[in-house]
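Here are the chains, one letter per residue:
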Amino acid sequence: MTTNNSTSVAPKIEESWKFALADEFEADYFKNLVTFVREETRKHTIFPAGKNIFSAFNHTPLTAVRVVLLGQDPYHGPGQAHGLCFSVPDGVPFPPSLKNIFKELHNDIGMEMPHSGNLIPWANQGVLLLNATLTVRAHQAGSHQGRGWEQFTDQVIKTISDLRAGVVFLLWGRYAQNKEALIDTNKHFILKAPHPSPLSAHRGFFGSKQFSKTNQILHENGLPEIDWHLG
């Protein structure tokens, strides 16, 4: 995040998002949020690194969004979070939820277990990999909840709902499904499933076919399908 002057805070974010969310960056809650994150960074180890906080937006411009996958918090272990929900950088072992996502991809579309858990190839095709909270203190899950990130990312969801059409929202688990109220279901599509965590994946995430169903919706609406396969 960079400060333009004493009253304006402008993150390093892709231009279509910067324009659409300009009012948020000027809002008091967002300025307070930036102050909080900076103070946390001085005192603690924060994930992801500052340059990656807005990676989801920088890889998936607003004008390119076709699918939204909503997570909750960034991973809080060293080397895991890099700004895209469920994703880890190359060479990092797969967290349990991501491993279950890959298991379902195999069952759904026959994708073999990939060598990397880096989901940037999805993001570059228009899959916005959005966490509701964009930062976290190391080893302390949920430590940055309730500080303003949720207000910001709720507005992101509303912005997509208002300015785009035909987007497929993947809402996995109760937390994500509570965001349905922000989405105009007359313009967009919602697919729901239990969360892919080991605690809930066997309650219906496995076998939910979220990936093939997403492509079926895109295909039926004349939009390019997502190539879910990873190397």
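See the structure shown above.
Figured I'd write up the structure that's included with this text. Just so it is clear, the model here is predicted, and its values are computed rather than measured.

Further remarks concern the pattern of salt bridges. Using the criterion set out here, one finds 5 salt bridges in the structure. Its salt-bridge partner being Glu40, residue Arg137 comes within 2.8 Å of it at the nearest N-O pair. Taken together, the residues Arg137 in strand S6 (residues 136–137) and Glu40 in helix H3 (residues 28–43) connect sequence positions 97 residues apart. Relative accessible area serves as the criterion here: at 7%, Glu40 is assigned to the buried category.

A separate point is the pairing of strand S5 (residues 127–131). Within S5, 5 of the 5 residues are buried, leaving the element largely enclosed by the surrounding structure. On S5, burial covers both faces: Val127, Leu129 and Asn131 on one face and Leu128 and Leu130 on the other are all buried. Inspection of the sheet shows strand S4 (residues 67–71) paired to S5 by 5 bridges, in the parallel sense. Each residue of the ladder has a partner; that of Leu69, found in S5, is Leu129.

Taken across its 5 residues, S4 has 5 buried, putting it largely inside the fold. Along S4, one buried face is formed by Val67, Leu69 and Gly71 and the opposite face, lined by Val68 and Leu70, is buried too. As defined by bridge partners, S4 adjoins strand S7 (residues 168–172) across 3 bridges and the pair is classed as parallel. Its bridge partner being in S7, Val68 is matched across the sheet by Phe169.

Let us look at the packing of aromatic side chains. In the structure shown here, the tally under the stated rule is 19 aromatic pairs. Between Trp149 and Phe152 the ring centres are 6.1 Å apart and the planes differ by 65°, which places this aromatic pair in the edge-to-face class. Of this pair, Trp149 and Phe152 both sit in helix H7 (residues 149–163), 3 residues apart, roughly one helical turn. This pair shows no difference in class: Trp149 is buried, exactly as Phe152 is. Residues Trp172 and Phe211 carry aromatic rings whose centres are separated by 5.9 Å and whose planes lie at 75° to one another, so their mutual orientation is edge-to-face. Taken together, the residues Trp172 in strand S7 and Phe211 in helix H9 (residues 210–220) connect sequence positions 39 residues apart. The class of Phe211 is buried, set by a relative accessible area of 0%. Every member of this aromatic cluster is reached through a ring pair, and the members are Trp17, Phe25, Tyr29, Phe30, Phe54, Phe57, Trp149 and Phe152.

Here the focus is the side chain of Glu104. If you trace the backbone, Glu104 turns up in helix H5 (residues 96–109). Of the buried charged residues, Glu104 lacks a salt bridge, with Lys209 as the closest side chain of opposite charge at 5.8 Å. Within polar-contact distance, the side chain of Glu104 engages the backbone nitrogen of Ser208 at 3.4 Å.

The next thing to look at is H9. Helical geometry note: an α-helix holds 3.6 residues per turn, so side chains three or four residues apart project in the same direction. Within H9 the residues assigned to the buried category are Gln210, Phe211, Thr214, Asn215, Ile217 and Leu218. Viewed along the axis of H9, the buried residues span an arc of 160°, placing them on a single side of the element. Exposed residues pointing more than 90 degrees away from the buried face of H9 are listed as His219 and Glu220. Of the surrounding elements, those touching the buried residues of H9 are S4, H5, helix H6 (120–123), S7 and strand S8 (189–193). Positive phi appears at Gly222, one or two residues downstream of H9, with a value of about 70°.

A word on the nonpolar core. Core analysis: the biggest nonpolar cluster contains 36 residues, and Ile101, Phe102, Trp122, Leu129 and Trp172 have the highest contact counts within it. Counting residues per element, the ones that place at least two in this core are S4, H5, H6, S5, S7, S8 and H9. Residues in contact with Phe102, not counting those within four places in the same chain, are Phe94, Met111, Met113, Pro114, Ser116, Gly117, Leu119 and Leu230. Formed by 33 residues, the second largest nonpolar core is a distinct cluster that contains Val37, Leu134, Val156 and Leu182.

Basis of the calculations
Residues numbered from 1 in each chain as written. Predicted model: local features only at pLDDT ≥ 70, side-chain atom pairs only at ≥ 80, totals over all residues. Heavy atoms only, no water. Salt bridge = Lys/Arg side-chain N within 4 Å of Asp/Glu carboxyl O. Helix = DSSP H or I, 4+ residues; strand = E, 2+ residues; numbered from the N terminus. Buried < 20%, exposed > 50% of the residue type's maximum accessible area, 1.4 Å probe, protein only. Pairing = 2+ DSSP bridges. Phe/Tyr/Trp six-rings, centres within 6.5 Å; stacked < 30°, edge-to-face > 60°. Lys, Arg positive; Asp, Glu negative; His and termini not counted. Polar contact = N/O pair within 3.5 Å; in protein donor to acceptor, adjacent residues only side chain to side chain. Arc of directions from axis to C-beta. Contact = heavy atoms within 4.5 Å. Core = buried A, V, L, I, M, F, W, Y, C linked by side-chain atoms within 4.5 Å.

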